[in-house]
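# Commentary on secondary and tertiary structure
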Amino acid sequence: MEELKNKNEAVAEVEETDVPLDKNVRLMSPTRMVVRRFFRSKLSIVGLVMVIGLFLFSFVGPLFYPQWGETELDKSGKTKYTNSETTYTVDGVEYTLRQTVETEVEDNFLAPPSASHPLGTDKQGYDIFVRLMYGGRISLTVSFIAVFLISILGVILGGIAGYFGGVVDNVIMRICDVLICLPGIPILLIISTILDASDIDAKYRIYLLMIYLTFISWPGTARLVRGQILSLREQEYMVAAEAMGYSTQRKIFKHLVPNVMPQLIVSMSLSLGSMILYEATHSYLNLGVKPPFAAWGTMINIISTDTDILQNYLNVWIPAGVCIVIAVLGFNFIGDGLRDALDPKARR
Amino acid sequence: MAEEKVTTEFDPEVILEVQNLRKTFPLKKTITGKVTKELVAVDGVSFKLKAGETLGIVGESGCGKTTLGRAILKLHEPTGGRIIFEGRDITDLKSKEMREIRKKMQIIFQDPYSSLPPRSTVGGILSEPVEVHNIVPKSEIKDYVLDLMDKCGLRDYYYERYPHEFSGGQRQRICIARALSVNPKLVICDEPVSALDVSIQAQIINLLKKLQNEMGLTYVFISHDLSVVKYISDKIGVMYLGSMVEFGTKEDIFSMPLHPYTQALFSAIPHPDPDVKMNRIILKGDIPSPANPPKGCRFHTRCPHAMEICSQEAPEYKDYGNGHCAACHLLNK
C-alpha cells in the first residue's frame, strides 16, 4: 500500500515538475540484493547463529566464566579407588582375595558434572567447559587464518596464472597438480615425527599446522580463481579496460578479482568448515595441538587410548564432538546460503 | 625517442595514418611454436585520416572490420605495417608506453551489455579513467563526470546506479561517456549501433555527431549498415576479406563506386520508395574463408566481371584521383 502511494505521488510529480518517473525508483546494488537473498533463507540464518554463537562462546565466554584457566588443574583432591583381585590355590582349595586400595590424590580428575564443573573434569583434572572455550579459540583461529592465507595465496597465484596464461599458467598449474597429488596425512606424520624429535614448543606447533594446512590447500582456490579469470578476461569490459590504458595490476585486482569474489566467498566459507575438520583430525591423531593446550580434536583424542572414558565418561569427549559438528554445519549452512544468494540465475 | 620515427612528409592535419597494416592469427602451431597455418584477418590496409573527419568502414561480417579497429588501437598487436598517430609511430610501442597514448584514442564497443563492468556504478565506471589519467584534479572529478554525463544525455542521478539497471541505448551512452571521459582525439566506433533498435540508433548517431562537433573528435566508424555510414561519414573505406578494396570521400564512393564489390554492396541499399526499381547486383556464393583466401584478386571468386588475370595477380591498390583509391584490374584497362 505504502509503495503504491509513493508511485502515485511520483506520477503526479512528473506531470507537475517534469521529474522523470525513474528518479524515484531505486534499484538495489548487487551487494544489497545478495545480502537480502541471504537473509531470506532460514538455513543460512541458522548457520550464522551457530557460528556466531560458537565465536561468542569461545572468545567472550572465558570472561564470564573465569573460575578455571585453560591449564589450571582442580587441586581439590579426590579419593581414587583401585580394585584388584588375586586368585591362588592352597591344598586344592581356591581362594580369591579382593582388595580395594584407597588413595588420596591431589587432582580432582574425572569429576562428574557439578556446580563447580558444568561438564565435569577430564582425566588430568582440567575443567572441560573451560577447555571447550579455549579449544574453540584455537580451532576457529587456526581455520580462519588458514582460510585467509589460502585465499590470499590462491587469488594471487590463480589470478596471475589466469591473467597471463601461457608459460606462467603452466608452471603454476603444474605446481598445483603436484601439491594436490601429495597425500596429506602421511606427510603430516613425517613432519610430526621431525617436530617431536626437534623438541619444538607445543605453542608453535599450532602455527606450523596453519602453514601446513595453507600449503596443501591453496591449489584448490588457485584453480577456482584461475578458471573464473580465464572466462572473465575475455569479456568486452576487460578489452575496454585495456583500451583505457589501465595498468596490469589494476586490471587484475580492481576489475577481475572483485568479479571472482562471489565464488571465492562461497568457497572460503565452505572451506572454513573443512579446515575445522582438518584441524580436529590432526589434533585427534596427535599431530596438531598438543596437551596441555586444548583443541577440540585434542580433547576427543583421549578416547583412542582409554576405553574406560569412551564407555563411562561421555561428558569428557562428547561436548567437543558436538562443538565440531556445530562449527562445520554452521559454516556449511552459511556457504550454501551464500551460494544460493550469489547465484545470478536465482533472481528474486 | 620515438620522434625519430616521424614520417618525412608529416601533414599536421593527418591524425591517423595506417600503412599496409596486417594482422594474422595463428591457427596451427607445431610443438616448437612455429606457425604452420594462419588466418589473415587484415591484409595490407592503408589510409590517412584528417582530424575532425569521420571514416566509415563497411564490409560484410567477418571481413576484418573489427580486427582493423582493434589493431589500430593495438588491442591486437599488428603483425605488420605501421600505425602513425599524430605523427608518432606507435606500432612498436610497448604496452607501458601505449598507456599514455591510450587516453588520446578510445573505442566504443558493439555490445553495450558486456562492455560495462557489472559490479561498479556508472559514477565509478566514468571516474576511474579520469582518475587514472589525471584528467582533472581529484576534487573536481565528480563535477567533471556529471558534466560529461549531461553531455551524453545521462541524468545526474544515474551516477549511483549500476549498468544492469539500464536499457541498451542508455548503456551505449554510458560507453560513449566512458570513451570520452579521457578527452580523446580519435574514437573508434566498433558497430556502436548495431545492437540497438532503429529509433535508438538514430539517437545514438545524433549524439555521436553532436559530440564530434563539440569536442572536435575524429571517428573511425565501423558498421555494416550502409545508410548509417552514409549519414555520418566524410570518407568511406570498403573492406572485403581483410583488405581495403576501395577508399574515398563519401560523395565519390556513393556517386561513382569503382570496385565491383562496392557496386554490388551499394546496390543492396533499400530505397524508401517501393516504386523505385532497384538494380540489385546479386553476388553468387559466400565470402571465402580468411584462413584460405583465393589467389590473385580476393574477390574474383564472386566477381561478375572476373577476368583471367584476376585469378592470378592481385590488383594494385591505386589512387584514381581525388584520393579515391581502389584495387581492381578492370580499372587498368
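Higher on the page you've got the structure.
Before going into details, it helps to say that this report is about the structure given with it. Please read all numbers here as calculations on a predicted model, not as lab measurements.

Cut-offs and rules
- Residues numbered from 1 in each chain as written.
- Chains lettered and ligands numbered in written order.
- Predicted model: local features only at pLDDT ≥ 70, side-chain atom pairs only at ≥ 80, totals over all residues.
- Heavy atoms only, no water.
- Helix = DSSP H or I, 4+ residues; strand = E, 2+ residues; numbered from the N terminus.
- Buried < 20%, exposed > 50% of the residue type's maximum accessible area, 1.4 Å probe, protein only.
- Contact = heavy atoms within 4.5 Å.
- Areas by Shrake-Rupley, 256 points an atom, 1.4 Å probe, with all protein chains shown as cover.
- 1 Å grid on protein atoms, 1.4 Å probe; cavity = no way out; pocket = protein on both sides within 12 Å on 5 of 7 lines; lining within 4 Å.
- Points joined across faces, edges and corners; volume = space filled by probe spheres on them.
- Axes fitted to C-alpha atoms, helices over the stretch in contact; angles between N-to-C directions.
- Left-handed = near helix turned anticlockwise from the far one by under 90°.
- Nonpolar A, V, L, I, M, F, W, Y, C, P; charged D, E, K, R; others polar.

## Details of the overall build of chain A
Check the secondary structure of chain A and you find 12 helices and 2 strands. Reading the secondary structure of chain A in the N-to-C direction produces α-α-α-β-β-α-α-α-α-α-α-α-α-α. Burial status across chain A gives 42% buried among its 348 residues. Restricting to contacts in chain A with at least 6 residues of sequence separation, those with at least 24 account for 70%. Of the accessible surface of chain A, which amounts to about 19,000 Å², a share of 63% is contributed by carbon and sulfur atoms.

## Observations regarding the environment of Ile138 of chain A
All names here are of chain A. In this structure, Ile138 sits in helix H4 (residues 128-164). Taking the C-alpha atoms as reference points, Ile138 and Ala327, separated by 189 residues in sequence, lie 13 Å from one another. If sequence neighbours within four positions are ignored, Ile138 has contacts with Ile206, Glu279, Val289, Phe293, Ala294 and Ala295.

## Quick notes on empty space enclosed by the protein
Here the idea is plain: a probe the size of a water molecule rolls over the atoms and shows the empty space left. A full pass over the atoms with the stated rule returns 4 cavities of 30 Å³ or more. For the largest cavity, the calculated volume is near 90 Å³. What lines the largest cavity is Tyr237, Ala240, Ala241, Met244, Tyr246 and His255 of chain A together with Pro117, Ser120, Ile125, Glu128 and Arg178 of chain B. When residues of the lining of the largest cavity are traced back to their parent elements, those giving at least two are helix H8 (236-243) of chain A together with helix H3 (122-132) of chain B. In terms of residue count, H8 of chain A provides more of the lining of the largest cavity than any other element does, 3 residues in total.

## What to know about the packing of H4 of chain A against helix H5 (residues 166-181) of chain A
Each pair of packed helices gets described by two things: the angle between the helix axes and the distance between those axes. Residue and element names in this part refer to chain A. Where H4 contacts H5, the axes come no closer than 7 Å and their chain directions differ by 145 degrees. The chirality of how H4 crosses H5 is left-handed. Contact residues: H4 offers Leu157, Ile160, Ala161 and Phe164, while H5 offers Gly166, Val168, Asp169, Ile172 and Met173. Taken together, the residues that form the contact of H4 with H5 break down as 7 nonpolar, 1 polar and 1 charged.

Don't take any of this as a statement about function, it's just geometry.
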